[in-house]
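Fold and contact review
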Amino acid sequence: MDKVTIFDTTLRDGEQAAGGSLNVQEKLEIAKQLENLGVDVIEAGFPISSPGDFASVQLIAREVRNSIVCGLARANPQDIDRAWEAVKEAAQPRIHVFVSSSDIHLMHVLQKDRDEILQLTRDTVARAKSYTDDIEFSPMDASRTELAYLYQILEIAIDAGANTVNIPDTMGYAIPGEFGRLIAGISQNVPNIGRAVVSVHCHNDLGLAVANSLESIKQGVRQVECTINGIGERAGNASLEEIVMTLKTRSDFFGLETDIEIQQIYKTSRLVSELTGFSIQPNKAIVGANAFRHESGIHQDGVIKMPITFEIIDPKTVGVPSRSLVLGKLSGRHAFKERLAELGYSLGDDDFNRVFYAFKELADKKKRITDRDIESLVAEEQRTVSEVYHLDRIQVSCGDRGIPTASVVLIAPDGKDQADAALGTGPVDATFKAIDKVVGVSNKLTEFSIKSITEGIDAIGEVLVRIESDGITYTGRGADTDIIVASAKAYINALNRLLAAK
Ligand code: MN
């Protein structure tokens, strides 16, 4: 069967999304998981855009062995050189060169004429090719570019050495039938197109990113650019899991395959959601909390009798853990370890002991421990590994008559306890002010959100906090059965990231 190359841009376009900032270690963690997922190409970042981006692309290039690692570059020599510097240690490096090709962009963004852009394409693709053989070229805003000119620029890029040409629907403006005709036109009118893989990069402004990608595949495209959970600029990119599972589920229609290890889909989705702080809508296809939940009695009855009656995908095949097994107070180390393994975690002894201890503590407060609880415990333990300040204890009083007051004890980097107290407009405000008195770094709180991760009054609350300092956003997370404690943990987590970055 013919294969579709999966090009994941979660770490580049996905991370570009408003409010989604990842640190180097988090990007590496996602990249390693993308490698486990079996993506063919990981677009790790845009190296010239910032020193942090450069460092993370370089680290990913060193650590990832089984996927191509790609760095993005504009069509100028400095960008190309910097991208190569970042990816050159990869087992399989790729440079992705892009330039605007629509007249609107030429006139208003680049202020260059068409011939200048053609020359620039020729020169910069050739420069990239002098470093490595694997070159991708994208004419930005391709779907609004005059066709004859689009064909011409692609022909030049391929002649200069591009072996993948990517057609972006940058603004998410295309309609499937029309976009498919654009792709078919390229295949027919670019004389040397046989020497390159044609790729698409679709945005979801009209909710059509996946549909446009699939229609392009029907028209001969053999690489799709996509992101986990469909995150990305504005309304996001085409969602990897939806494209892969459509090709898989409807292989009768497409007759195509991918190298994706679909059992890793759920875990990857959770990891990206957890680290970026972008939660997944419950009705999201494939990975949403309700994606495999049957509410209608007729459907439930059918699924119990025979799953294929109302289920086109077996949730287990994409790694959704079965909800039947619930652990509790009496569950031992062995059962817990097995459950962790089933959820895809392999922890070292020390980490395991810490998580097991946290599990036992939680089991004292909460009767039924579900998979989501366990995932949250593991995440919480991983967060405390490289802490600068650690929350030792906290006490809060509040109510409609009292003055909200918080006192906190933090363990400072020197190992000593530091205590302080503050008043606030509410318990969270008082807590954050007390923490500020101890840590003493100025910042602005830009986002605070809280959600319950499982059902029931004893559920764990997960808090997400974003703070801003010197124009950079830091995200923090915390989880606890007590939402004030979870808030304190999340705020300290964000402060720890800020301190680590400084
Ligand atoms: Mn994009």
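Here the structure is a predicted model, which means the values were calculated and not measured. (Residues numbered from 1 in each chain as written. Predicted model: local features only at pLDDT ≥ 70, side-chain atom pairs only at ≥ 80, totals over all residues. Heavy atoms only, no water.)

Within the chain, the regular secondary structure consists of 18 helices and 16 strands. At 25 Å, the chain has a C-alpha radius of gyration in line with the 23 Å of a compact globule built from 502 residues. Seen through its C-alpha atoms, the chain measures out along the principal axes to roughly 75 × 60 × 45 Å. Counting the 502 residues in the chain, one finds 52% classified as buried. If you take every contact in the chain between residues at least 6 apart in sequence, the share linking residues at least 24 apart comes to 66%. Entry remark: accessible area of the chain is about 22,500 Å², with carbon and sulfur atoms responsible for 52%. Counting 54 positive and 72 negative side-chain charges, the chain places the centres of these two groups 3 Å from one another. (Helix = DSSP H or I, 4+ residues; strand = E, 2+ residues; numbered from the N terminus. Rg over C-alpha atoms; globule rule 2.2 N^0.38 Å. Buried < 20%, exposed > 50% of the residue type's maximum accessible area, 1.4 Å probe, protein only. Contact = heavy atoms within 4.5 Å. Areas by Shrake-Rupley, 256 points an atom, 1.4 Å probe, with all protein chains shown as cover. Lys, Arg positive; Asp, Glu negative; His and termini not counted. Charge placed at Lys NZ, Arg CZ, Asp CG, Glu CD.)

Moving on: the pattern of salt bridges. Taken as a whole and assessed by the stated rule, the structure comprises 37 salt bridges. Between D141 and R144 there is a salt bridge; the shortest N-O distance is 3.1 Å. Owing to a relative accessible area of 0%, D141 belongs among the buried residues under this scheme. Residue K433 pairs with D429 through a salt bridge whose shortest N-O separation is 2.9 Å. Taken as a pair, K433 and D429 lie in helix 17 (residues 427-439) at a separation of four residues, close to a single helical turn. Where salt bridges share partners, they join R270, R372, E375 and E462 into one cluster. (Salt bridge = Lys/Arg side-chain N within 4 Å of Asp/Glu carboxyl O.)

On to the packing of helix 6 (residues 114-131) against helix 7 (residues 147-160). Relative placement of two packed helices is described by the angle separating their axes and the distance separating the axes. Running from amino to carboxyl end, helix 6 crosses helix 7 at an angle of 25°, the nearest separation of the two axes being 8 Å. By the angle between their axes, helix 6 is roughly parallel relative to helix 7. Relative to helix 7, the crossing made by helix 6 is right-handed. On helix 7, the residues that touch R114, I117, L118, T121, R122, V125, A126 and K129 of helix 6 are Y149, Q152, I153, I156, A157 and A160. (Axes fitted to C-alpha atoms, helices over the stretch in contact; angles between N-to-C directions. Parallel < 35°, antiparallel > 145°, perpendicular 65-115°, else oblique. Left-handed = near helix turned anticlockwise from the far one by under 90°.)

Right, let's talk about the coordination of the manganese ion for a bit. Only D13 (OD), H201 (NE2) and H203 (NE2) from the protein reach the manganese ion as donors, at distances of 1.9 to 2.3 Å. Read in sequence order, the donor residues coordinating the manganese ion give the pattern D-x187-H-x1-H. H203 matches H201 in its accessibility class, with the two residues each being buried. (Donors = N, O, S within 2.8 Å, 3.2 Å for Na, K, Ca; no water.)

Another point: the packing of helix 12 (residues 265-276) against helix 16 (residues 371-383). Packing of helix 12 against helix 16 leaves a shortest axis separation of 12 Å and a crossing angle of 50°. Here helix 16 runs oblique to helix 12, going by the angle between their axes. Handedness of the crossing formed by helix 12 with helix 16: right-handed. Residues Y266, R270 and E274 of helix 12 form the contact with helix 16, whose participating residues are R372, E375, A379 and R383. Per-class residue counts for the contact of helix 12 with helix 16 are two nonpolar, no polar and five charged. (Nonpolar A, V, L, I, M, F, W, Y, C, P; charged D, E, K, R; others polar.)

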